[in-house]
Amino acid sequence: MGLSKWIVLLFTHPNEFRSLVQFYVYHEQKRDITSMKEHVTSGWDRESMRRCWTFLDKTSRSFSAVIKELDGDLARTICMFYLVLRGLDTIEDDMTIPDHVKQPILRLFHQHTVTAGWNFEGCGPNEKDRQLLIEYDVVVEEVNRLDPSYRQVIVDIAEKMATGMADYAHKAATTGSIYLETIAEYDLYCHYVAGLVGEGLSGIFSASHKEAPWLKDQLELSNSMGLLLQKTNIIRDYREDVDEQRYFWPREIWGRKEYGFSEMKELYAPHARERAMWAQSGMVVDALRHAIDALDYLRLLKNQSVFNFCAIPATMAMATLELCFMNPAMFDRNIKIRKAEAARLIMRSTNPREVSIVFVEYARKIHSKVIPTDPNYLRVSVACGKIEQWQEHHYPSHVQIGDNGTTFNSEDARTRIVKNEQTRDLALAKKKRIEEIRAGMQAGTYTVPAASPDVSTFMVGVYVAGAMSVVVLIAVAIIWVIMHFIGED
């Protein structure tokens, strides 16, 4: 941001100005991959890896920042994982490539990824990531340098994802079907393009030994993490995708009879805004059903850099869903959360408790915007309520954690319940102990617990010494008094 933009922001959005200043001043960069001491793990000393880092910056600034802060060789590994999948996605999205050309490339892409010197120059001139595939040989070189355990995960996920993408691309090319019909079909598509990414990341985390070895087996939670992010992007990118004749919203949601739409492009017609936002709320509800799994997944992570890497996109997804919900501007252009809000989310996404609070905040904002005439009114309410219920179950709001330890909010009714339970437990424990003593005395088996030998000896010595000191002082005082009076006589 230039100086003029900072000045404008100061006078138009002072709170956002403060948030950005706090972010730039207090947010400490965890590592510098260009530093010489990081070359062993970041690969910055190699020309091919420097080119890969450049491609990462060009393809995704947001992901690039969080990837570079991962510990050790995780940053380089996930950079390569991202570039491989970005190259695969670029081929799948390119509508200028004929199906008979696209099919063999997609289905063999996992092999091409480890074939030295392979690249692809057949993408259309308007594809923004075309250069990545033209220079894909540097990606291949760096993938082959990875630890075999990492490389195997990347190749396996690339194969599964490419197979799914090829199937959908072939269906669209041969049957003329350009829509996803059911929510199940939509979920399967999102699994191929994003859920598998979540599974791959879990596999890499486990292989790095920075997370538990069983994390790679949490397939459902890993899939939901990916689906939450992918479905959020699909909702936000509605207008861009429709203009490019890419239709990802399932007809089961937007094509309901009460909405009255037969084509997805009808949703951005000015006279259909109310019904379009009903369809949009249905999409948001569908995305929100993955929020609970995302929170469960985040609670499993132990490494701080890995947690930040996963939590920041998740909180931004919730912020984006809230921004899109009941926002007619989404049907006209691509909308994004403001930089200051993104900065606040980055600073807050540091632990599961705070992330759950962020989720609840945005869930409440979504719920506050829903209107009773929306056919999805109850479903939105339930979805938002489940997020709040999860947060209250795992991190009750009446329990306050601060510098002085754990305390309870005295204004919350649940605190009285906790206090009463504690008092009752103490009374029951005391009563039980008295009954045990009585029973022992009646049976003649009760004995007074012996004091600790070390403590009793010490205390006896103290008492004896004290008593002797008192006797000596009294004797001295008596003698002094007698001598005093004898002396006067």
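Predicted model, so just to flag it, every value in this text is computed and none were measured.

Side note on the overall build of the protein chain
Stage number 1. Along its length, the protein chain carries 23 helices and two strands.
Stage number 2. Radius of gyration (C-alpha) of the protein chain: 33 Å, far over the 23 Å computed for a compact globule of 489 residues.
Stage number 3. Its C-alpha atoms give the protein chain principal-axis dimensions of roughly 130 × 65 × 60 Å.
Stage number 4. Going through the 489 residues of the protein chain one by one, you find that 45% of them count as buried.

Describing the nonpolar core
Stage number 1. Ranked by internal contacts, the top residues of the largest apolar core, which has 128 residues, are V139, F205 and W249.
Stage number 2. Among the elements that take part in this core, helix α18 (residues 304-324) stands out by supplying 13 residues, more than any other.
Stage number 3. Not counting the four nearest positions on each side in its chain, V139 is found in contact with C52, M80, L83, V84 and L132.

With respect to the confidence of the model for the protein chain
Stage number 1. Within the protein chain, residue pLDDT values average 87, and 90% of them lie at 70 or more.
Stage number 2. The secondary structure element of the protein chain with the lowest average pLDDT is helix α2 (residues 14-26), at 63, and the one with the highest is helix α17 (residues 291-300), at 96.

Quick notes on the packing of aromatic side chains
Aromatic ring pairs are defined here through the distance separating the ring centres and the angle between the ring planes.
Stage number 1. All told, the structure shown has 14 aromatic pairs when counted by the stated rule.
Stage number 2. Aromatic side chains F109 and W118 sit 5.9 Å apart centroid to centroid with 90° between the ring planes, which places their arrangement in the edge-to-face category.
Stage number 3. With a relative accessible area of 0%, F109 lands in the buried category.
Stage number 4. Accessibility expressed as a relative area gives 16% for W118, which makes it buried.
Stage number 5. Taking the centre distance of 5.4 Å and the plane angle of 85° together, the rings of Y168 and Y189 count as edge-to-face. One end of the pair, Y168, is in helix α11 (residues 148-175); the other, Y189, is in helix α12 (residues 183-207), and 21 residues separate them in sequence.
Stage number 6. Taking the relative accessible area as the measure of exposure, Y168 reaches 14% and is therefore buried.
Stage number 7. Between the NZ or CZ atom of R51 and the centre of the ring of F55, over which it lies, the distance is 4.5 Å.

What to know about helix α10 (residues 136-145)
Stage number 1. Within the sequence span of α10, burial applies to Y136, V138, V139, V140, E142 and V143.
Stage number 2. For α10, the secondary structure elements touched by its buried residues are α4 (47-59), α6 (74-93), α8 (109-112), α9 (130-134) and α11.

Side note on the pattern of salt bridges
Stage number 1. In the structure shown here, the tally under the stated rule is 25 salt bridges.
Stage number 2. Between R289 and D187 there is a salt bridge, with its nearest N and O atoms 2.5 Å apart. Residue R289 is found in the loop between α16 (273-288) and α17, and its partner D187 is found in helix α12; the two are separated by 102 residues along the sequence.
Stage number 3. By relative accessible area, which is 42% here, R289 ends up partly exposed.
Stage number 4. In the salt-bridge network here, residues are joined through shared partners; they are R46, E141, E142 and R145.

Notes on α18
Stage number 1. Here α18 is 21 residues long and its end C-alpha atoms lie 30 Å apart, about the 30 Å a rise of 1.5 Å per residue gives.
Stage number 2. Of all 21 residues in α18, 19 are buried; the element is thus mostly enclosed.

A word on the state of the cysteines
Stage number 1. Counted according to the given criterion, the structure contains zero disulfides.
Stage number 2. The thiol sulfur of C52 is not disulfide-bonded, and the nearest other cysteine sulfur, from C79, lies at 6.0 Å.
Stage number 3. Residue C52 is classed as buried on the basis of its relative accessible area, which comes to 0%.
Stage number 4. Of all cysteine sulfurs in the structure, the one in C79 sits closest to C310, which takes part in no disulfide; the separation is 16 Å.

Let's talk about the environment of V358
Stage number 1. Along the chain, V358 falls in helix α20 (residues 352-369).
Stage number 2. Given a relative accessible area of 0%, V358 falls into the buried group.
Stage number 3. Put simply, V358 and Q152 are 206 residues apart on the chain and 36 Å apart in space, counted from C-alpha to C-alpha.
Stage number 4. When neighbours within four sequence positions are excluded, V358 is seen to be in contact with T315, L345 and R348.

Points about a nonpolar patch on the surface
Stage number 1. Taken together, the side chains of V470, I474, I478 and I482 present a nonpolar region at the surface, about 360 Å² in accessible area.
Stage number 2. According to the relative accessible area criterion, I478 is partly exposed, its value standing at 48%.

Here we look at the environment of G405
Stage number 1. Assignment of secondary structure puts G405 in strand β2 (residues 405-408).
Stage number 2. What makes G405 partly exposed here is its relative accessible area of 30%.
Stage number 3. Placed 94 residues apart in sequence, G405 and A311 show a C-alpha to C-alpha distance of 25 Å.

As for the side chain of S222
Stage number 1. Relative to the elements of secondary structure, S222 occurs in helix α13 (residues 219-236).
Stage number 2. Only 2.7 Å separates the side chain of S222 from the side chain of S202, close enough to count as a polar contact.

Description of the packing of α4 against α6
Stage number 1. Running from amino to carboxyl end, α4 crosses α6 at an angle of 60°, the nearest separation of the two axes being 10 Å. Comparing their axes, α6 and α4 come out oblique. For the element pair α4 and α6, the recorded crossing hand is left-handed. Each of M49, C52, W53, F55, L56 and T59 in α4 lies in contact with α6, whose residues at this interface are A75, R76, C79, M80, Y82, L83 and R86.
Stage number 2. When grouped by side-chain class, the residues that make up the contact of α4 with α6 number ten nonpolar, one polar and two charged.

Considering the packing of α4 against α10
Stage number 1. As a packed pair, α4 and α10 sit with axes 9 Å apart at the nearest point and diverge in direction by 115°. On the basis of the axis angle, α4 is roughly perpendicular to α10. The element α4 and its partner α10 pack so that their crossing is left-handed. Mapping the contact onto sequence places S48, M49, R51, C52 and F55 in α4 and V138, V139, E141 and E142 in α10.

Rules used in this analysis
- Residues numbered from 1 in each chain as written.
- Predicted model: local features only at pLDDT ≥ 70, side-chain atom pairs only at ≥ 80, totals over all residues.
- Heavy atoms only, no water.
- Helix = DSSP H or I, 4+ residues; strand = E, 2+ residues; numbered from the N terminus.
- Rg over C-alpha atoms; globule rule 2.2 N^0.38 Å.
- Buried < 20%, exposed > 50% of the residue type's maximum accessible area, 1.4 Å probe, protein only.
- Core = buried A, V, L, I, M, F, W, Y, C linked by side-chain atoms within 4.5 Å.
- Contact = heavy atoms within 4.5 Å.
- pLDDT = per-residue confidence, 0-100.
- Phe/Tyr/Trp six-rings, centres within 6.5 Å; stacked < 30°, edge-to-face > 60°.
- Lys NZ or Arg CZ within 6 Å of the ring centre and 35° of its normal.
- Salt bridge = Lys/Arg side-chain N within 4 Å of Asp/Glu carboxyl O.
- Expected span 1.5 Å × (residues − 1).
- Disulfide = S-S within 2.5 Å.
- Patch = residues over 30% accessible without salt bridge, like charges linked within 9 Å, V, L, I, M, F, W, Y side chains within 5 Å.
- Areas by Shrake-Rupley, 256 points an atom, 1.4 Å probe, with all protein chains shown as cover.
- Polar contact = N/O pair within 3.5 Å; in protein donor to acceptor, adjacent residues only side chain to side chain.
- Axes fitted to C-alpha atoms, helices over the stretch in contact; angles between N-to-C directions.
- Parallel < 35°, antiparallel > 145°, perpendicular 65-115°, else oblique.
- Left-handed = near helix turned anticlockwise from the far one by under 90°.
- Nonpolar A, V, L, I, M, F, W, Y, C, P; charged D, E, K, R; others polar.

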